[in-house]
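Chain by chain, the residues:
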Amino acid sequence: MTLTPPLLLALMLGLMGAQATVDLRTAAAMAAGLCKTRPTDLVFIVDSSRSVRPSEFEQVKVFLAKVIEGLDVGPNATRVGVVNYASRVKNEVSLKTHRTKAGLVKAVTKVDPLSTGTMTGLAIQFALNVAFSENEGGRVKSPDISKVAIIVTDGRPQDNVKDVAQRARDAGIEIFAIGVGRVDMSTLKQMASEPLDDHVDYVESYSVIEKLTKKFQEAFCACSNSATDVVFLIDGSKSVRPENFELVKKWINQIVDKLDVSDSKAHVGLVQYSSLVRQEFPLGRHNNKKDLKEAVKKMAYMERGTMTGQALRYLTDKSFSVGHGARPGVSKVGIVFTDGRSQDYIGDAAKKAKEMGFKMYAVGVGNAVEDELKEIASQPTGEHYFYTADFKAMTQIAKKLQINICQEEDPCECDSLVKFQKKVEEALQALTKKIENMSKRIALLENKIV
C-alpha cells in the first residue's frame with residue numbers, strides 16, 4: 001500500500017489538526033485587543049432605577065461589555081468594577097474579582113436591575129468608600145495608575161451629588177457622566193470632571209448608547225511605545241491678559257493629561273515668549289504628570305510684546321537640542337500658541353522647524369492671524385492649525401490636539417500586530433516540526449506496509 005499525497009496530507013492534518021487549531025486561535029486572539037490601555041482602576045456606576053426598562057438595562061450591559069473588550073484587562077493593567085444602584089447600592093463586580101475579559105463580561109451579563117429610586121449621590125459615596133478601596137482591589141494612589149468612574153443615568157438624582165462628586169474628584173477619581181433620555185443635564189455637570197466637554201456625554205436613548213463605545217476605548221488607550229519630545233511655545237504678551245493666561249495654563253494641562261508622560265515615553269518642555277524668550281522648564285525635567293502640571297501652574301505671566309519669530313528660532317536652536325534634554329531619534333512635536341500678530345518675521349524660522357522634521361501645531365485665539373498660523377503649521381495644514389475667537393473655547397482645540405499627538409501609525413496597534421505575527425510564526429514553526437516528525441513516522445509506516 002502506498003500513501004498518496006492527498007492521503008498523506010489528510011493523515012498529517014488529522015493527527016495534528018487539533019493542536020494546530022489551538023495554536024492559531026491563540027495567535028489570532030492576540031489581534032483582538034489592538035490597544036494597550038493605561039493601568040487603570042475603572043468602576044462603572046450604573047443606574048437601574050424604575051425608569052430604566054429591563055430591555056434598556058440590557059443595552060447598558062452590552063455597552064459595558066464592549067468597552068471592556070477594548071481594555072487591556074489584568075491585575076497589573078486595567079481592573080474593572082461595577083456598582084449597580086437605585087434606592088440602594090449593590091457592588092456587582094469588585095476590582096479584585098475578575099482578572100480576564102471573559103470573566104468580566106460574563107459577570108456583567110448576570111447583573112439584574114434593582115428597579116427602585118435614583119440615589120446617585122449614595123452610589124458615588126459607595127464607590128469612593130468601598131468600590132475603589134484596597135479591600136475591593138483598588139490600588140494605592142499613584143501617578144502611574146488612573147482612577148476612573150463612569151456613571152450612566154437617565155434621571156434626576158433624589159439626593160445630593162455635587163458635594164460627594166467633589167470629594168471623589170479631590171480623591172483623584174476622574175468622573176465621566178453619561179446621561180440618557182430625560183436626564184437632568186445640570187446634575188451631570190455637577191458630577192463630571194473638568195473639562196466638562198470631555199467628561200459629559202448625552203444620548204437620546206439607551207438604544208444608541210453603544211455609539212459611545214469607541215470614545216471610551218480611545219480614552220483609555222495609551223500609545224505605550226511612542227517616545228515623543230513635546231515642547232509648548234506659549235505667547236505671554238500683554239494682549240493675552242492675566243485671566244486668559246490662567247486658561248492657557250489649564251489648556252496645556254488638558255493636553256498633558258492625554259500624554260503618556262514617563263522617563264521612556266513622552267517628555268514635555270515649556271517655553272514662554274513675549275518681547276523676550278524664557279524657558280520655563282526643559283524636556284525631561286518633569287517625567288510624571290503631577291510634577292509637570294504643577295510646574296505649568298507656576299508659570300508667571302511675562303506680558304510685553306509678541307516676538308513669535310524669535311521664539312520659533314529658540315525652539316529650533318535650543319529647545320529640541322540634546323543640551324536642553326531632547327532625545328536623539330525621538331519624534332519632536334512643537335505646539336505654538338499665540339493671540340496676536342507677530343511683531344517680527346516668522347517665515348524662516350517656521351520653515352526651518354519643519355525642515356528639521358518637527359511636527360508643528362499652531363493654535364491661535366482672538367486676534368491671531370490665520371495666515372501666520374498656517375505658515376507655522378505642518379502639512380496637512382488643516383490638521384495642524386487651530387483658531388478660536390474665545391479663550392474659553394480652547395477646550396475643543398485641546399481635544400483635537402490630543403488625538404493627533406500620537407504617531408500617525410497607531411503604535412498600540414503596531415505593537416499588538418507584531419506580537420500577533422510573532423505568535424503566528426511560532427505556531428507555524430511548531431507545525432513545521434510536527435510535520436517533519438509525522439513525515440518520518442509515515443515513511444516508517446510505509447516501509448512496514450510494503
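Structure's up top.
The structure displayed is predicted, hence computed values, not measured ones.

**Student:** I tried to follow helix α4 (residues 120-131) on my own but got confused; where do I start?
**Tutor:** Because an α-helix packs 3.6 residues into every turn, residues spaced three or four apart end up facing the same way. Helix length check: α4 (12 residues) gives 14 Å between terminal C-alpha atoms against 16 Å at 1.5 Å per residue, more than 12% under. Of all the residues in α4, the buried ones are T120, G121, A123, I124, A127 and A131. What you see down the axis of α4 is that its buried residues fit within an arc of 165°, all on one side. Elements in contact with the buried residues of α4: β1 (40-47), β2 (78-85), β3 (89-93), β4 (146-153), α5 (162-170) and α6 (185-191).

**Student:** Help me understand the pairing of β4, please; the structure alone is not making it clear to me.
**Tutor:** Two faces, one strand: in a regular strand the side chains alternate between the faces of the sheet. With respect to burial, β4 is a largely interior element, seven of its eight residues being buried. In this structure, β1 lies alongside β4, joined through seven bridges in parallel fashion. The partner of T40 across the bridge, within β4, is S146. The sheet contact formed by β4 and strand β5 (residues 173-180) spans seven bridges and is parallel. Counted as the bridge partner of A149 is I175 from β5. As for the winding sense of the linkage, the β-α-β connection from β4 through α5 to β5 is right-handed.

**Student:** Help me understand the pattern of salt bridges, please; the structure alone is not making it clear to me.
**Tutor:** A side chain with one charge may pair with a side chain of the opposite charge, provided their charged atoms come close. For the coordinates displayed, the defined rule picks out 17 salt bridges. Among the ionic pairs, E246 bridges to K249, the shortest N-O distance being 3.0 Å. A residue pair is termed a helical-turn pair when its members lie 3 or 4 positions apart in one helix, as E246 and K249 do in helix α9 (residues 242-257) at three residues. A relative accessible area of 6% means that K249 is categorised as buried. Between K293 and D257 there is a salt bridge, and its shortest N-O distance comes to 3.0 Å. You can see K293 sitting in helix α10 (residues 289-297) and its partner D257 sitting in helix α9, a full 36 residues away along the chain. Classification of K293 as partly exposed rests on a relative accessible area of 22%. A relative accessible area of 33% means that D257 is categorised as partly exposed.

The rules behind the values
- Residues numbered from 1 in each chain as written.
- Predicted model: local features only at pLDDT ≥ 70, side-chain atom pairs only at ≥ 80, totals over all residues.
- Heavy atoms only, no water.
- Helix = DSSP H or I, 4+ residues; strand = E, 2+ residues; numbered from the N terminus.
- Expected span 1.5 Å × (residues − 1).
- Buried < 20%, exposed > 50% of the residue type's maximum accessible area, 1.4 Å probe, protein only.
- Arc of directions from axis to C-beta.
- Contact = heavy atoms within 4.5 Å.
- Pairing = 2+ DSSP bridges.
- Right-handed = clockwise from strand over helix to strand, strands pointing away.
- Salt bridge = Lys/Arg side-chain N within 4 Å of Asp/Glu carboxyl O.

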